[in-house]
Amino acid sequence: MSKKLDPVTQAIRIQTPQSSQHEHSTPLYITSSFTFDEAEEMRAAFADENQANIYSRFSNPNVDEFVAKMCVLEGAEAGFATSTGMSAIFGSMFALLKQGDHLICCSSVFGSTFTMVTKYLVRYGITSTLVPAGDHAAWEGAVQPNTKMVYLETPTNPQLEVIDLEWAGKFSKKYNLILNVDNCFATPLLQRPIDFGADLVVHSATKWIDGQGRVLGGVIVGRADLIKDIYLFCRNTGPSMSPFNAWILSKSLETLDVRMQRHCENALRLCETLQGNPHLAWVKYPLLPDHPQYDIAKKQMKLGGGVFCMELKGGVEAGRKFLDALEMLSVTANLGDTRSIASHPASTTHSKLTEAERLSVGITPGLIRISAGLEKFDDILADIEHALVKSAI
Ligand SMILES: Cc1ncc(COP(=O)(O)O)c(C=O)c1O
C-alpha cells in the first residue's frame, strides 16, 4: 500500500514490534531495566550510538509507542512522555530556561501552571510577565532582550478563552522565541498548534487522552533539538511515565478520534439547548457564535471541545445547590472522562481567593464547568435541567 496513512489511522496501527508470541495487542513491558548480551553493546547504548533501551526512566517500549502516536497526531518531530501533565509543563520550562531568562505567559493558564511560573520559576532566577489572553499589545510590550519562551493554553481552563495560534506563531517567530502550547483542552484531533508555528506542545494525558479517568500522564512533543534537551533533563531528574500508564494511554489513543467527536457533539448540543434556560445568565463554548473569539475558534479548531461553562443566575449559593441536586453527573475535580462531570470553581478550586481575585481570573460566582461525557445526550440534559430547577434561588 503506497498511500501514507492518516494520523488517526496511524494512532491505531503504530505498534511496538511483535514479540515471538505473535500477540495482536502490545504486551506490557513492566521492567525497570533492559539487558545486554555484550559489554560493547551496552557501551554503545550509553554513548547514544544505538537506540537500545537501557533503563525505563530513559525509555521503554510502551512509552515509546505512546510517544510515537502522539508525535504523528500532533505533526511533531519528537517527544517525551512524563508522569503527569504538570511534569510535562515543568520539564518543558526547566529544561530550556536558565537563570536570567524571561518567559511570557498567558495570565489565564491552568492554576498549577500559574503557581509554577509565579512562585517557583522565579526562585531559580527565571522571571515572567503574565499577559491577558487576547491583548496582543500586552504580548508585544512584554518582550525583553532576555525573553526566551512564550507559554499559552487554548482554550483556557476554565474560562474557555481562545488564543489566536496563527498570531502567536508569527509573534514568537518575529522575536525568535520558543512557542510552547498546552493543547490539553483541544487534543490534536481538534487543533494542531505545530501547524501554526508552535515549537513545543504539552499535554495532560490525564484528561481526554486517557478519556476514562484512570491514569495520570503527560507528554511534550515538538522540535527534535528542543526535545533532546528535554529528554536529557527528564532522564536525569526523573519525571518519566510508567510503562503501565503508557500502555493504557496508547490504547486510549486508538479511540480518541471517535470519542472526541461524540464529546464535542454532546457539548455543542447541550450548549445550544441550555442557552435559553431561564436559570442561566449565559452559556460559553468556543463554537457558539456569541463566544468572544468565535471566529478564531472556527479558524483553528475542527470542533469546539468537550468542555463548556454556564453561569447560574443565583451565584455561589446556587452553584453549591446545583452540585448537590445532580443525580447522574459526577462531582469531581477531573475532566475529559466518558462520564459527564460538573464542577463549581467559586466554592471549590478557587474558594480561597477573594471574590475580586476570582473575578480577575474569570471565575464568576455561579460559574459551572461541565465536561460533557459520552452518555446519551438526553440523559445528560435531563440531569442538568433538573438540577437547574432545584438550585434556583
Ligand atoms: C489545561 C491543563 N493543563 C495541565 C493540567 C495538569 O495536568 P495533570 O493533572 O495531569 O498534572 C491540567 C489539569 O487539569 C489542565 O487542565
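Keep in mind that what you see is a predicted model, and the values were worked out from it rather than measured.

Details of the nonpolar core
Here comes step 1: If you look at the biggest cluster of nonpolar residues, it comprises 108 residues, and the most contacted ones within it are Leu103, Ile220, Ala267 and Phe308.
Here comes step 2: In terms of residues, this core owes the most to one element, helix α11 (residues 256-274), which gives eight residues.
Here comes step 3: The residues that make up this core include at least three from each of domain 1 (7-253) and domain 2 (257-391).
Here comes step 4: Non-local contacts of Leu103, meaning those with residues more than four positions away in its chain, are made with Leu97, Val117, Leu121, Ile126, Ser128, Lys148, Met149 and Tyr151.

Quick notes on the packing of α11 against helix α15 (residues 377-391)
Here comes step 1: Between α11 and α15, the least distance of the axes is 10 Å, while the angle of their chain directions is 40 degrees. Between α11 and α15, the angle is such that the two are oblique. As α11 packs across α15, the resulting crossing turns out to be right-handed. Contact residues: Asn266, Arg269, Leu270, Thr273 and Leu274 in α11; Phe377, Ile380, Leu381 and Ile384 in α15.
Here comes step 2: When its residues are assigned to classes, the contact of α11 with α15 shows six nonpolar, two polar and one charged.

Remarks on the domain arrangement of the protein chain
Here comes step 1: Along its sequence, the protein chain is organised into domain 1 (7-253) and domain 2 (257-391).
Here comes step 2: Each of domain 1 and domain 2 has a C-alpha centre, and these two points are 27 Å apart.
Here comes step 3: Facing the 25 residues of domain 1 at the interface are 27 residues of domain 2.
Here comes step 4: The set of elements that each furnish at least two residues to the side of domain 1 that touches domain 2 consists of α7 (165-174) and α8 (187-190).
Here comes step 5: Element by element, the count of residues in the side of domain 1 that touches domain 2 is highest for α8, at three residues.
Here comes step 6: Looking at the side of domain 1 that touches domain 2 residue by residue, the classes come out as twelve nonpolar, nine polar and four charged.

Here we look at the pairing of strand β9 (residues 307-312)
Here comes step 1: Of all six residues in β9, five are buried; the element is thus mostly enclosed.
Here comes step 2: For strand β8 (residues 280-284) and β9, the ladder comprises four bridges, and the chain directions are antiparallel. Counterpart to Lys284 in the pairing with β9 is Cys309.
Here comes step 3: Relative to strand β12 (residues 367-371), β9 runs antiparallel, the two sharing five bridges. Its bridge partner being in β12, Met310 is matched across the sheet by Ile368.

Concerning the pairing of β12
Here comes step 1: The element β12 is extensively covered by neighbouring structure, given that five of its five residues are classed as buried.
Here comes step 2: Where burial is concerned, the two faces of β12 agree: the one with Leu367, Arg369 and Ser371 and the one with Ile368 and Ile370 are both buried.
Here comes step 3: The pairing of strand β11 (residues 341-343) with β12 spans three bridges and is antiparallel. Along β12, the bridge assignment pairs Ile341 with Ser371.

Structural notes on the sheet that holds strand β10 (residues 330-331)
Here comes step 1: Spatial strand order, β8-β9-β12-β11-β10: five strands in an open sheet with mixed pairing. With partners counted over all chains shown, the strands left at the sheet margins are β8 and β10, one partner each.
Here comes step 2: Its contacts with the sheet place α11 against β8 and β9, and it is angled at close to 20 degrees to β9.
Here comes step 3: Helix α13 (residues 315-325) rests against β9, β10, β11 and β12 of the sheet, and its axis sits at about 125 degrees to β9.

A few points about the site of the ligand
Here comes step 1: Taken together, 13 residues surround the ligand, and among them Thr84, Gly85, Met86, Ser204 and Thr206 come closest.
Here comes step 2: Of the residues belonging to the shell around the ligand, the class tally is five nonpolar, six polar and two charged.

Considerations on the environment of Arg358
Here comes step 1: Among the secondary structure elements, Arg358 is positioned in helix α14 (residues 355-360).
Here comes step 2: Residues Arg358 and Leu121, 237 residues apart in the sequence, show an inter-C-alpha distance of 23 Å.
Here comes step 3: In contact with Arg358, other than residues within four places in its own chain, are Ala346, His350, Leu353 and Ile363.

A few points about the sheet that holds strand β1 (residues 78-82)
Here comes step 1: Spatially, seven strands are ordered β1-β7-β6-β5-β4-β2-β3 in an open sheet, and the strand pairing comes out mixed. Of all strands in the sheet, those with a lone pairing partner are β1 and β3 (127-131), marking the two edges. Strand-to-strand twist in this sheet, taken as the mean axis angle between neighbours without regard to direction, amounts to 20 degrees.
Here comes step 2: The pairing of β1 with strand β7 (residues 218-222) spans five bridges and is antiparallel. Following the sheet pairing, Thr82 is matched in β7 by Gly218.

Re the packing of helix α4 (residues 85-94) against helix α9 (residues 224-237)
Here comes step 1: Contact geometry of α4 with α9 gives a least axis separation of 9 Å together with a crossing angle of 115 degrees. Considering only the axes of α4 and α9, their crossing is right-handed. Contact with α4, carried on its side by Gly91, Ser92 and Phe94, involves Ile230, Phe233 and Cys234 of α9 and no other residues of that element.
Here comes step 2: Each residue belonging to the contact of α4 with α9 can be placed in one class, and the counts come to four nonpolar, two polar and no charged.

Some thoughts on α4
Since one α-helical turn is 3.6 residues long, residues separated by three or four positions face the same way.
Here comes step 1: Taking burial as the measure, the ten residues of α4 include ten buried ones, the bulk of the element.
Here comes step 2: Looking at α4, one finds that the buried residues are Gly85, Met86, Ser87, Ala88, Ile89, Phe90, Gly91, Ser92, Met93 and Phe94.
Here comes step 3: Those residues of α4 hidden inside the fold are in contact with β1, α5 (111-120), β5 (178-182), β6 (200-204), β7 and α9.

Thresholds, definitions, all that
Residues numbered from 1 in each chain as written. Predicted model: local features only at pLDDT ≥ 70, side-chain atom pairs only at ≥ 80, totals over all residues. Core = buried A, V, L, I, M, F, W, Y, C linked by C-beta atoms within 7 Å. Buried ≥ 20, exposed ≤ 12 C-beta atoms within 10 Å, placed from the backbone. Helix = DSSP H or I, 4+ residues; strand = E, 2+ residues; numbered from the N terminus. Domains from an automatic or database assignment. Contact = placed C-beta atoms within 7 Å. Axes fitted to C-alpha atoms, helices over the stretch in contact; angles between N-to-C directions. Parallel < 35°, antiparallel > 145°, perpendicular 65-115°, else oblique. Left-handed = near helix turned anticlockwise from the far one by under 90°. Nonpolar A, V, L, I, M, F, W, Y, C, P; charged D, E, K, R; others polar. Pairing = 2+ DSSP bridges. Near = placed C-beta within 6 Å.

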